[in-house]
Amino acid sequence: MVNTLPQSVPKEPKVGIKTPSKETVLTPRFYTTDFETAASLDLSAQDTELKAMLEEMRADYNRHHFVRDEEFKQSWENIPPETRQPFIDYLERSCISEFSGFLLFKELSRKLKGRSPILSEMFQLMARDEARHAGFLNKAMGDFKLSLDLAEVTKTRTYTFFPIEWVVYTVYLSEKIGYWRYILIYHHLQKHPENQFYPIFRYFESWCQDENRHGDIFKALLRSQPQLWKTWKARLWSRFFLLSVFATHTLTVHERAGFYNSLGLDATEFDRQVVCNTNETAGRAFPVMLNTDHPEFFSRLHYCSDQNLKLVEIDRSSAPKFVKLIRKLPYIASILWNLLRLYLIKPIDTEALRLTVR
Ligand SMILES: [Fe+2]
Ligand SMILES: [Fe+2]
(Lines give C-alpha, C1' and ligand atoms only; values in the text may rest on other atoms or scores of the structure.)
(Ligands and ions follow the chains in the order given, each with its own letter.)
Protein backbone atom coordinates (compact mmCIF):
# COMPACT_ATOMS: atom_id res chain seq x y z
CA MET A 1 0.00 0.00 0.00
CA VAL A 2 2.72 2.43 0.90
CA ASN A 3 5.89 2.99 -1.02
CA THR A 4 8.58 5.55 -0.49
CA LEU A 5 10.65 7.16 -3.18
CA PRO A 6 14.39 6.75 -2.68
CA GLN A 7 15.20 8.62 0.49
CA SER A 8 17.95 11.17 0.24
CA VAL A 9 20.39 11.54 3.10
CA PRO A 10 18.86 13.93 5.65
CA LYS A 11 20.46 17.32 5.24
CA GLU A 12 21.04 20.04 7.77
CA PRO A 13 18.11 22.46 7.46
CA LYS A 14 19.06 25.66 5.63
CA VAL A 15 18.54 29.02 7.30
CA GLY A 16 14.90 30.12 6.86
CA ILE A 17 13.85 26.63 5.67
CA LYS A 18 11.56 24.68 7.94
CA THR A 19 12.09 20.97 8.53
CA PRO A 20 8.68 19.49 7.65
CA SER A 21 6.70 18.19 10.64
CA LYS A 22 6.77 14.46 11.29
CA GLU A 23 4.31 12.41 9.21
CA THR A 24 1.47 10.88 11.23
CA VAL A 25 -1.86 9.24 10.40
CA LEU A 26 -3.39 12.70 10.50
CA THR A 27 -0.91 14.63 8.32
CA PRO A 28 -1.85 15.24 4.66
CA ARG A 29 -0.57 12.40 2.47
CA PHE A 30 1.03 12.24 -0.96
CA TYR A 31 -0.70 9.90 -3.38
CA THR A 32 0.11 7.89 -6.44
CA THR A 33 -2.44 5.86 -8.39
CA ASP A 34 -3.07 3.40 -11.18
CA PHE A 35 -2.56 5.69 -14.19
CA GLU A 36 -3.49 2.94 -16.70
CA THR A 37 -6.99 2.60 -15.24
CA ALA A 38 -7.30 6.40 -15.05
CA ALA A 39 -6.48 6.65 -18.77
CA SER A 40 -9.09 4.06 -19.71
CA LEU A 41 -12.05 5.58 -17.79
CA ASP A 42 -15.13 6.01 -19.99
CA LEU A 43 -16.34 9.54 -19.24
CA SER A 44 -19.17 9.68 -21.80
CA ALA A 45 -21.94 9.73 -19.16
CA GLN A 46 -20.71 13.14 -17.91
CA ASP A 47 -19.28 14.46 -21.15
CA THR A 48 -21.33 17.70 -21.21
CA GLU A 49 -20.56 18.52 -17.54
CA LEU A 50 -16.85 17.83 -17.99
CA LYS A 51 -16.60 19.99 -21.12
CA ALA A 52 -18.40 22.83 -19.32
CA MET A 53 -16.00 22.48 -16.37
CA LEU A 54 -13.03 22.53 -18.74
CA GLU A 55 -14.25 25.87 -20.19
CA GLU A 56 -14.48 27.27 -16.66
CA MET A 57 -11.00 26.06 -15.81
CA ARG A 58 -9.59 27.59 -19.00
CA ALA A 59 -11.22 30.92 -18.13
CA ASP A 60 -8.86 31.02 -15.10
CA TYR A 61 -10.88 33.49 -13.02
CA ASN A 62 -8.22 33.67 -10.32
CA ARG A 63 -5.22 34.33 -12.53
CA HIS A 64 -4.58 37.73 -10.90
CA HIS A 65 -5.79 36.78 -7.45
CA PHE A 66 -2.70 35.30 -5.80
CA VAL A 67 -0.59 38.44 -5.75
CA ARG A 68 0.69 39.62 -2.38
CA ASP A 69 -0.45 43.20 -1.76
CA GLU A 70 1.02 46.02 0.34
CA GLU A 71 -0.43 44.67 3.59
CA PHE A 72 2.07 41.78 3.56
CA LYS A 73 5.00 44.18 3.62
CA GLN A 74 5.40 44.57 7.36
CA SER A 75 6.87 42.82 10.33
CA TRP A 76 4.82 40.08 11.98
CA GLU A 77 6.77 40.14 15.25
CA ASN A 78 3.63 41.46 16.96
CA ILE A 79 1.82 38.12 16.62
CA PRO A 80 2.07 36.56 20.10
CA PRO A 81 3.76 33.13 20.45
CA GLU A 82 0.52 31.37 21.46
CA THR A 83 -0.99 32.39 18.10
CA ARG A 84 2.20 32.24 16.06
CA GLN A 85 3.05 28.54 16.48
CA PRO A 86 -0.41 27.13 15.79
CA PHE A 87 -0.69 29.53 12.82
CA ILE A 88 2.62 28.32 11.34
CA ASP A 89 1.42 24.70 11.84
CA TYR A 90 -1.80 25.61 10.05
CA LEU A 91 0.12 27.19 7.15
CA GLU A 92 2.38 24.16 6.89
CA ARG A 93 -0.44 21.65 6.92
CA SER A 94 -2.38 23.64 4.32
CA CYS A 95 0.71 24.09 2.14
CA ILE A 96 1.54 20.35 2.21
CA SER A 97 -2.04 19.48 1.42
CA GLU A 98 -2.22 21.93 -1.56
CA PHE A 99 1.18 20.73 -2.76
CA SER A 100 0.09 17.09 -2.52
CA GLY A 101 -2.84 17.95 -4.85
CA PHE A 102 -0.44 19.68 -7.23
CA LEU A 103 1.87 16.63 -7.46
CA LEU A 104 -0.94 14.16 -8.03
CA PHE A 105 -2.71 16.33 -10.64
CA LYS A 106 0.54 17.07 -12.46
CA GLU A 107 1.41 13.39 -12.67
CA LEU A 108 -2.10 12.46 -13.82
CA SER A 109 -1.96 15.17 -16.49
CA ARG A 110 1.41 13.89 -17.72
CA LYS A 111 0.41 10.22 -17.79
CA LEU A 112 -2.95 10.87 -19.47
CA LYS A 113 -1.53 13.06 -22.23
CA GLY A 114 -2.52 11.74 -25.67
CA ARG A 115 -4.76 9.10 -24.12
CA SER A 116 -7.50 11.07 -22.38
CA PRO A 117 -7.08 14.65 -23.63
CA ILE A 118 -9.96 16.23 -21.68
CA LEU A 119 -8.84 14.75 -18.37
CA SER A 120 -5.20 15.49 -19.08
CA GLU A 121 -5.92 19.18 -19.64
CA MET A 122 -8.28 19.29 -16.67
CA PHE A 123 -5.60 17.90 -14.36
CA GLN A 124 -3.03 20.29 -15.76
CA LEU A 125 -5.31 23.25 -14.98
CA MET A 126 -6.06 21.95 -11.50
CA ALA A 127 -2.31 21.49 -10.91
CA ARG A 128 -1.89 25.15 -11.96
CA ASP A 129 -4.34 26.23 -9.23
CA GLU A 130 -2.83 24.02 -6.52
CA ALA A 131 0.68 25.24 -7.34
CA ARG A 132 -0.55 28.81 -6.82
CA HIS A 133 -2.21 27.89 -3.54
CA ALA A 134 0.82 26.02 -2.21
CA GLY A 135 3.18 28.80 -3.35
CA PHE A 136 1.06 31.49 -1.72
CA LEU A 137 1.02 29.60 1.58
CA ASN A 138 4.73 28.95 1.39
CA LYS A 139 5.39 32.67 0.87
CA ALA A 140 3.30 33.31 3.98
CA MET A 141 5.54 30.86 5.86
CA GLY A 142 8.47 32.85 4.49
CA ASP A 143 7.13 35.90 6.37
CA PHE A 144 7.90 33.88 9.51
CA LYS A 145 11.28 32.87 8.03
CA LEU A 146 10.13 29.25 7.83
CA SER A 147 9.47 28.32 4.18
CA LEU A 148 9.27 24.66 3.17
CA ASP A 149 11.74 23.31 0.64
CA LEU A 150 9.03 21.77 -1.58
CA ALA A 151 11.51 20.14 -3.98
CA GLU A 152 13.05 18.33 -1.01
CA VAL A 153 9.61 17.41 0.36
CA THR A 154 8.79 15.84 -3.06
CA LYS A 155 11.79 13.55 -2.76
CA THR A 156 11.55 12.53 0.88
CA ARG A 157 7.83 12.13 1.52
CA THR A 158 6.06 8.78 1.61
CA TYR A 159 3.72 8.18 -1.34
CA THR A 160 0.58 6.14 -0.67
CA PHE A 161 -0.90 4.10 -3.50
CA PHE A 162 -4.66 4.55 -3.94
CA PRO A 163 -6.68 2.88 -6.72
CA ILE A 164 -8.22 5.57 -8.93
CA GLU A 165 -11.69 4.96 -7.40
CA TRP A 166 -10.37 5.88 -3.94
CA VAL A 167 -8.62 8.91 -5.41
CA VAL A 168 -11.95 10.12 -6.82
CA TYR A 169 -13.73 9.76 -3.45
CA THR A 170 -10.96 11.27 -1.34
CA VAL A 171 -9.98 14.14 -3.63
CA TYR A 172 -13.66 15.04 -4.10
CA LEU A 173 -14.06 15.20 -0.33
CA SER A 174 -10.83 17.05 0.31
CA GLU A 175 -11.74 19.72 -2.29
CA LYS A 176 -15.22 20.20 -0.83
CA ILE A 177 -14.06 20.20 2.80
CA GLY A 178 -11.34 22.66 1.73
CA TYR A 179 -14.02 24.88 0.20
CA TRP A 180 -16.05 24.89 3.41
CA ARG A 181 -13.03 25.48 5.63
CA TYR A 182 -11.88 28.49 3.61
CA ILE A 183 -15.31 30.07 3.17
CA LEU A 184 -16.35 29.66 6.81
CA ILE A 185 -13.14 31.31 8.04
CA TYR A 186 -13.59 34.08 5.44
CA HIS A 187 -17.20 34.80 6.45
CA HIS A 188 -16.34 34.73 10.13
CA LEU A 189 -13.53 37.27 9.64
CA GLN A 190 -15.78 39.49 7.53
CA LYS A 191 -17.98 39.77 10.59
CA HIS A 192 -15.04 40.03 13.02
CA PRO A 193 -12.26 41.92 11.22
CA GLU A 194 -10.56 42.59 14.58
CA ASN A 195 -9.45 38.92 14.60
CA GLN A 196 -7.79 39.07 11.18
CA PHE A 197 -4.18 39.06 12.39
CA TYR A 198 -2.64 38.30 8.98
CA PRO A 199 -3.76 39.26 5.43
CA ILE A 200 -3.91 35.74 3.91
CA PHE A 201 -7.47 35.23 5.17
CA ARG A 202 -8.72 38.05 2.90
CA TYR A 203 -7.80 35.86 -0.09
CA PHE A 204 -9.94 32.90 0.98
CA GLU A 205 -13.17 33.91 -0.80
CA SER A 206 -11.94 33.56 -4.40
CA TRP A 207 -9.47 30.86 -3.36
CA CYS A 208 -12.25 28.58 -2.13
CA GLN A 209 -13.98 28.93 -5.51
CA ASP A 210 -10.99 27.12 -7.04
CA GLU A 211 -11.54 24.27 -4.58
CA ASN A 212 -15.25 24.28 -5.31
CA ARG A 213 -14.58 23.93 -9.05
CA HIS A 214 -12.08 21.14 -8.45
CA GLY A 215 -14.69 19.38 -6.32
CA ASP A 216 -17.26 19.73 -9.12
CA ILE A 217 -14.85 18.17 -11.61
CA PHE A 218 -14.41 15.20 -9.28
CA LYS A 219 -18.17 15.01 -8.82
CA ALA A 220 -18.54 14.68 -12.63
CA LEU A 221 -15.83 12.01 -12.62
CA LEU A 222 -17.56 10.13 -9.83
CA ARG A 223 -20.97 10.28 -11.49
CA SER A 224 -19.48 9.14 -14.82
CA GLN A 225 -18.55 5.82 -13.18
CA PRO A 226 -21.69 3.87 -12.10
CA GLN A 227 -19.56 1.49 -10.00
CA LEU A 228 -18.73 4.48 -7.79
CA TRP A 229 -22.33 5.20 -6.78
CA LYS A 230 -24.72 2.55 -8.06
CA THR A 231 -23.54 -0.52 -6.17
CA TRP A 232 -23.72 -1.65 -2.54
CA LYS A 233 -19.91 -1.58 -2.44
CA ALA A 234 -19.99 2.08 -3.48
CA ARG A 235 -22.28 2.80 -0.52
CA LEU A 236 -19.90 1.11 1.91
CA TRP A 237 -16.85 2.93 0.49
CA SER A 238 -18.68 6.27 0.51
CA ARG A 239 -19.50 5.82 4.21
CA PHE A 240 -15.92 4.85 4.89
CA PHE A 241 -14.38 7.85 3.16
CA LEU A 242 -16.89 10.32 4.56
CA LEU A 243 -16.17 9.11 8.06
CA SER A 244 -12.38 9.05 7.54
CA VAL A 245 -12.33 12.62 6.26
CA PHE A 246 -14.64 13.92 9.01
CA ALA A 247 -12.82 12.09 11.81
CA THR A 248 -9.45 13.39 10.57
CA HIS A 249 -10.93 16.89 10.48
CA THR A 250 -12.40 16.73 13.98
CA LEU A 251 -9.16 15.37 15.45
CA THR A 252 -6.85 17.88 13.75
CA VAL A 253 -9.08 20.89 14.44
CA HIS A 254 -9.14 20.00 18.14
CA GLU A 255 -5.39 19.42 18.16
CA ARG A 256 -5.03 22.99 16.87
CA ALA A 257 -7.83 24.59 18.86
CA GLY A 258 -5.42 27.42 19.74
CA PHE A 259 -5.26 28.56 16.12
CA TYR A 260 -9.06 28.69 15.77
CA ASN A 261 -9.36 30.50 19.10
CA SER A 262 -6.89 33.12 17.89
CA LEU A 263 -9.30 33.80 15.00
CA GLY A 264 -12.12 34.16 17.53
CA LEU A 265 -13.61 30.83 16.42
CA ASP A 266 -14.73 28.03 18.68
CA ALA A 267 -12.90 24.93 17.36
CA THR A 268 -15.77 22.53 18.16
CA GLU A 269 -18.40 24.72 16.51
CA PHE A 270 -16.19 25.40 13.47
CA ASP A 271 -15.55 21.68 13.04
CA ARG A 272 -19.28 20.91 13.35
CA GLN A 273 -20.17 23.45 10.67
CA VAL A 274 -17.46 22.19 8.29
CA VAL A 275 -18.50 18.55 8.75
CA CYS A 276 -22.27 19.19 8.39
CA ASN A 277 -21.86 21.40 5.31
CA THR A 278 -19.40 19.05 3.60
CA ASN A 279 -21.70 16.12 4.34
CA GLU A 280 -24.68 17.94 2.78
CA THR A 281 -22.59 18.86 -0.28
CA ALA A 282 -21.25 15.31 -0.64
CA GLY A 283 -24.82 14.04 -0.65
CA ARG A 284 -25.13 15.50 -4.17
CA ALA A 285 -22.34 13.27 -5.46
CA PHE A 286 -22.27 10.22 -3.16
CA PRO A 287 -24.97 7.54 -2.95
CA VAL A 288 -25.18 8.13 0.83
CA MET A 289 -24.38 10.82 3.35
CA LEU A 290 -23.80 10.39 7.06
CA ASN A 291 -26.49 11.07 9.63
CA THR A 292 -24.81 13.96 11.45
CA ASP A 293 -28.05 14.61 13.39
CA HIS A 294 -27.82 11.21 15.08
CA PRO A 295 -27.36 11.85 18.82
CA GLU A 296 -24.19 9.71 18.89
CA PHE A 297 -22.57 11.26 15.82
CA PHE A 298 -20.73 14.23 17.27
CA SER A 299 -20.52 12.84 20.80
CA ARG A 300 -18.53 9.84 19.56
CA LEU A 301 -16.38 12.02 17.29
CA HIS A 302 -15.59 14.31 20.24
CA TYR A 303 -14.79 11.32 22.41
CA CYS A 304 -12.28 10.18 19.72
CA SER A 305 -10.83 13.67 19.68
CA ASP A 306 -10.37 13.67 23.49
CA GLN A 307 -8.63 10.29 23.29
CA ASN A 308 -6.44 11.63 20.48
CA LEU A 309 -5.36 14.57 22.66
CA LYS A 310 -4.17 12.03 25.22
CA LEU A 311 -2.15 10.32 22.47
CA VAL A 312 -0.57 13.67 21.59
CA GLU A 313 0.33 14.18 25.26
CA ILE A 314 1.97 10.73 25.47
CA ASP A 315 3.89 11.44 22.27
CA ARG A 316 5.26 14.64 23.77
CA SER A 317 6.46 12.87 26.93
CA SER A 318 10.09 11.80 27.24
CA ALA A 319 9.26 8.10 27.87
CA PRO A 320 11.01 5.48 25.69
CA LYS A 321 9.24 4.57 22.41
CA PHE A 322 8.15 1.16 23.65
CA VAL A 323 6.61 2.55 26.85
CA LYS A 324 4.82 5.20 24.82
CA LEU A 325 3.34 2.53 22.57
CA ILE A 326 2.06 0.48 25.52
CA ARG A 327 0.49 3.57 27.06
CA LYS A 328 -1.09 4.52 23.73
CA LEU A 329 -2.71 1.15 22.94
CA PRO A 330 -5.88 1.50 25.07
CA TYR A 331 -6.56 4.96 23.61
CA ILE A 332 -6.01 3.73 20.04
CA ALA A 333 -8.33 0.75 20.67
CA SER A 334 -10.98 3.05 22.08
CA ILE A 335 -10.75 5.42 19.08
CA LEU A 336 -11.07 2.50 16.65
CA TRP A 337 -14.05 1.08 18.54
CA ASN A 338 -15.84 4.42 18.45
CA LEU A 339 -15.07 4.87 14.77
CA LEU A 340 -16.57 1.46 14.10
CA ARG A 341 -19.72 2.44 16.03
CA LEU A 342 -19.87 5.64 13.98
CA TYR A 343 -19.49 3.67 10.77
CA LEU A 344 -22.44 1.51 11.77
CA ILE A 345 -24.84 4.45 12.24
CA LYS A 346 -27.41 4.11 9.46
CA PRO A 347 -26.54 6.60 6.70
CA ILE A 348 -28.98 8.66 4.61
CA ASP A 349 -29.77 7.23 1.18
CA THR A 350 -29.21 10.21 -1.13
CA GLU A 351 -30.15 8.31 -4.31
CA ALA A 352 -33.61 7.66 -2.83
CA LEU A 353 -33.85 11.37 -1.87
CA ARG A 354 -32.99 12.36 -5.45
CA LEU A 355 -35.77 10.12 -6.80
CA THR A 356 -38.32 11.64 -4.38
CA VAL A 357 -37.34 15.20 -5.34
CA ARG A 358 -37.79 14.35 -9.01
FE1 LIG B 1 -6.09 24.25 -3.48
FE1 LIG C 1 -8.15 22.05 -5.05
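These numbers were taken from a predicted model, which means no experiment stands behind them.

When two helices pack together, their arrangement is given by the angle between the helix axes and by the axis-to-axis distance. At a closest axis distance of 10 Å, the pairing of helix H2 (residues 47-59) and helix H4 (residues 117-143) adopts a crossing angle of 35°. Seen along the crossing, H2 lies across H4 with a hand that is left-handed. When H2 is examined against H4, the residues Leu-50, Leu-54, Met-57 and Arg-58 are found in contact with a partner set consisting of Ile-118, Glu-121, Met-122 and Leu-125. Looking at the contact of H2 with H4, its residues break down into six nonpolar, no polar and two charged.

With that settled, consider the environment of Lys-176. Along the chain, the position of Lys-176 falls in helix H6 (residues 164-191). With 27 C-beta atoms counted inside 10 Å, the residue Lys-176 sits in the buried group. Separated by 102 residues in the primary sequence, Lys-176 and Thr-278 have C-alpha atoms spaced 6.2 Å apart. Setting aside chain neighbours within four positions, we find Lys-176 in contact with Gly-215, Thr-278, Thr-281 and Ala-282.

Below, the discussion takes up the UniProt feature "domain: Rubrerythrin diiron-binding" (unreviewed entry) in the chain. Mapped onto the present numbering, the UniProt feature "domain: Rubrerythrin diiron-binding" (unreviewed entry) falls on residues 89-222. As annotated, residues 89-222 has a helix share of 78% and a strand share of 5%, and its two end C-alpha atoms lie 32 Å apart.

Packing of helix H3 (residues 81-112) against H4 leaves a shortest axis separation of 7 Å and a crossing angle of 155°. It follows that H3 is roughly antiparallel to H4 by the angle criterion. Read as a crossing pair, H3 and H4 show a hand that is left-handed. Within the contact of H3 with H4, the residues separate by chemical class into 17 nonpolar, seven polar and four charged.

What counts, and at which threshold
Residues numbered from 1 in each chain as written. Chains lettered and ligands numbered in written order. Predicted model: local features only at pLDDT ≥ 70, side-chain atom pairs only at ≥ 80, totals over all residues. Axes fitted to C-alpha atoms, helices over the stretch in contact; angles between N-to-C directions. Helix = DSSP H or I, 4+ residues; strand = E, 2+ residues; numbered from the N terminus. Left-handed = near helix turned anticlockwise from the far one by under 90°. Contact = placed C-beta atoms within 7 Å. Nonpolar A, V, L, I, M, F, W, Y, C, P; charged D, E, K, R; others polar. Buried ≥ 20, exposed ≤ 12 C-beta atoms within 10 Å, placed from the backbone. UniProt positions renumbered as here; feature names shortened; annotations may be inferred. Parallel < 35°, antiparallel > 145°, perpendicular 65-115°, else oblique.

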